[in-house]
Amino acid sequence: MLDHLIAAARAGDSAAYRQFLAEAAQRIRARLARKIGADSELEDLVQDCLIAVHQKRHTLDPDRPVAPWMNAIANYKLIDHWRKRGRSPIELDDEADIAVPADTLAEVDIETLLEKLPQAQAEAIRLTHIEGLTNREAGARIGVGVSAMKLRVHRGMQRLKELADEDRL
Amino acid sequence: MTDTNSLIDQLANRGAAPPANALARFVAPLAAAGAACVLGAALALDGAFAAMAADGIRPMIVKWGFSLALLLLSAFALWAMGRPGRRTRGAMVALGVPFGLVAALLLLDLAVGNTAFPGTTWQTCLAAMAVMSPMAFAGAIVATRWLAPTKLRRAGLAAGLFGGAVAMTAYAPYCPEHGMLYMAVFYCLPILVMAGLGWLLGPRLLRW
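Residues numbered from 1 in each chain as written. Chains lettered and ligands numbered in written order. Predicted model: local features only at pLDDT ≥ 70, side-chain atom pairs only at ≥ 80, totals over all residues.

## A closer look at the overall build of chain A
In step 1: When helices and strands are tallied, chain A shows nine helices and zero strands.
In step 2: Order of helices (α) and strands (β) in chain A, N terminus to C terminus: α-α-α-α-α-α-α-α-α.
In step 3: Taken over 169 residues, chain A has a buried fraction of 34%. (Helix = DSSP H or I, 4+ residues; strand = E, 2+ residues; numbered from the N terminus. Buried ≥ 20, exposed ≤ 12 C-beta atoms within 10 Å, placed from the backbone.)

## Quick notes on the overall build of chain B
In step 1: Secondary structure assignment for chain B yields nine helices and zero strands.
In step 2: Counted from the first residue to the last, chain B has its helices and strands arranged as α-α-α-α-α-α-α-α-α.
In step 3: In terms of principal-axis extent, the alpha carbons of chain B reach across some 75 × 35 × 25 Å.
In step 4: In chain B, once contacts between residues fewer than 6 apart in sequence are set aside, the share between residues at least 24 apart is 88%. (Contact = placed C-beta atoms within 7 Å.)

## Quick look at helix 8 (residues 152-171) of chain B
In step 1: Relative to the 28 Å expected for 20 residues at 1.5 Å per residue, helix 8 of chain B spans 29 Å between its end C-alpha atoms, a close match to the ideal helical length.
In step 2: Burial of helix 8 of chain B is extensive: 19 of the 20 residues sit out of reach of the surface. (Expected span 1.5 Å × (residues − 1).)

## Re the nonpolar core
In step 1: Core analysis: the largest hydrophobic core is formed by 97 residues, its most contacted members being Leu78, Ala140, Ala158, Phe162, Val166, Ala167 and Tyr171 of chain B.
In step 2: Take this core: its biggest share by element is 13 residues, from helix 8 of chain B. (Core = buried A, V, L, I, M, F, W, Y, C linked by C-beta atoms within 7 Å.)

## Observations concerning the interface of chain A and chain B
How large an interface is tends to be reported as the accessible area lost when its parts come together.
In step 1: Counting from both sides, the interface comprises 27 residues of chain A and, opposite them, 23 residues of chain B.
In step 2: Looking at the side of chain A that touches chain B, the elements with two or more residues in it are helix 1 (2-10), helix 2 (14-36), helix 3 (40-55) and helix 4 (66-85) of chain A.
In step 3: Ranked by residue count, the leading element in the side of chain A that touches chain B is helix 4 of chain A, at seven residues.
In step 4: Classifying every residue of the side of chain A that touches chain B by side-chain character gives 13 nonpolar, seven polar and seven charged. (Nonpolar A, V, L, I, M, F, W, Y, C, P; charged D, E, K, R; others polar.)

## Some details on unusual backbone geometry
Leaving glycine aside, a negative phi is the common case for residues, and trans is the common case for peptide bonds.
Residues and elements named next belong to chain B.
In step 1: Its identity as a non-glycine residue notwithstanding, Asn21 has a phi of 55°, on the positive side.
In step 2: On the secondary structure map, Asn21 appears in the loop between helix 1 (2-14) and helix 2 (22-44).
In step 3: Taking the C-beta count within 10 Å as the criterion, Asn21 has 11 such neighbours and is therefore assigned exposed.
In step 4: Phi angles above zero are rare outside glycine, and Phe49 is one such case at about 60°.
In step 5: Its location among the elements puts Phe49 in the loop between helix 2 and helix 3 (52-55).

## Quick word on the confidence of the model for chain A
All names here are of chain A.
In step 1: Across chain A, the average pLDDT comes to 80, with 81% of residues at or above 70.
In step 2: Per-element confidence in chain A ranges from a low mean pLDDT of 47 for helix 5 (residues 94-98) to a high of 92 for helix 2.
In step 3: Low pLDDT, under 50, characterises residues 88-103; the predicted model gives this stretch 16 contacts beyond four residues in sequence or across chains. (pLDDT = per-residue confidence, 0-100.)

## Things to note about the confidence of the model for chain B
In step 1: With 99% of its residues at a pLDDT of 70 or more, chain B shows a mean pLDDT of 93.
In step 2: Two numbers describe this predicted complex: its pTM, 0.76, and its ipTM, 0.86.

## Digging into the environment of Leu192 of chain B
In step 1: For Leu192 of chain B, the location among the structural elements is in helix 9 (residues 180-205).
In step 2: When the C-alpha atoms of Leu192 of chain B and Gly164 of chain B are compared, they prove to be 7.8 Å apart, with 28 residues separating the residues in sequence.

## Structural notes on the environment of Ala111 of chain B
In step 1: Counting through the fold element by element, Ala111 of chain B comes out in helix 6 (residues 97-111).
In step 2: Sequence-wise, Ala111 of chain B and Arg207 of chain B are 96 residues apart; in three dimensions their C-alpha atoms are separated by 46 Å.

## Some words on the packing of helix 2 of chain B against helix 8 of chain B
Residue and element names in this part refer to chain B.
In step 1: For the pair helix 2 and helix 8, interaxial distance at closest approach is 9 Å and the crossing angle is 35°. With respect to the hand of their crossing, helix 2 and helix 8 are arranged in right-handed fashion. Where helix 2 approaches helix 8, its residues Ala33, Gly34, Cys37, Val38 and Ala41 are matched on the opposing element by Val166, Ala167, Ala170 and Tyr171.
In step 2: Taken together, the residues of the contact of helix 2 with helix 8 break down into eight nonpolar, one polar and no charged. (Axes fitted to C-alpha atoms, helices over the stretch in contact; angles between N-to-C directions. Left-handed = near helix turned anticlockwise from the far one by under 90°.)

## Remarks on the packing of helix 7 (residues 122-146) of chain B against helix 9 of chain B
Residue and element names in this part refer to chain B.
In step 1: Relative orientation of the contacting elements helix 7 and helix 9 amounts to 30°, with a least axis distance of 10 Å. If you check the angle between helix 7 and helix 9, you find them roughly parallel. You can see that helix 7 and helix 9 cross each other, and the crossing is right-handed. On helix 9, the residues that touch Trp122, Cys125, Leu126, Met129, Ser133, Phe137 and Ile141 of helix 7 are Phe186, Pro190, Met194, Gly198 and Leu205.
In step 2: Of the residues in the contact of helix 7 with helix 9, the class split is 10 nonpolar, two polar and no charged. (Parallel < 35°, antiparallel > 145°, perpendicular 65-115°, else oblique.)

The structure is reproduced here in structure tokens:
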């Protein structure tokens, strides 16, 4: 489908190009979500990828399929994103979350706080810290990788701590 | 999501037709770097091909055979690596072939006892390689940035090999030396050093 759309787009059909970009965005989003989870940075990264796809379109050979080219760009942008942030999800581990002091979240209504988190992060924390699943088990249950699950839990716990601190002030 | 949709609209309005002369925009910086080195060597050095009268054409064939093969292979590797999703392992392996041939000829040379070394012009040779390799490397970086390399260290390495190969191609006509040991030490090693620098600098210089 992508191949037909880009062929039409290259022939001057701007509607086909719009459809191509929309389809590409959807596929890139799904691909990246498996790796970093559905957090707020995902959409920025998808947009970076779309801009790269557009700017580097002259590197796509017309007689080759689009998907490997597009996936390679998405992977490159993801690695570049991690490099820019100076971290990789592989560095994240449960210790980062355990490092939040045990009494930080005492005396607060966890469910109320969880409702203030992005849904993906709240779900990750419910599964791992309330139901007691491991990151691998929780990831398998909702269909994301271990790294993505760790990232969601890590960010969720950080946000939760901030919210708890704000509530105390 | 709305932002993404608006971005898609903007990009779609610009159209999908690839920029004109994509290949020319890759080749032009490479050719310009090569021309600058050849011209610079011609202006700075005397006696092009003078050694051929005494030593025949064979040393020149060996030097240019190596340098031009490496130049073309590295340019092709850069072209391939600049196109996301393509397999480039073959192009990388091919870059080692000229070095393998030089190693084989070196062993042959050493076996027959032809070990005249280091010759009388090695300092000029090293200076020429040190000045021209980075110039041609810069051209290769500009050319590659026009594409979309995703393996930046590999691409940097190939750009370094290209820089060294161009420098050797430009200087070789003025070089009176012809031993394989000389070639290995004063041509191949500087080229490999440039490639190493390219490997180190690739992620900084080629990021897009």
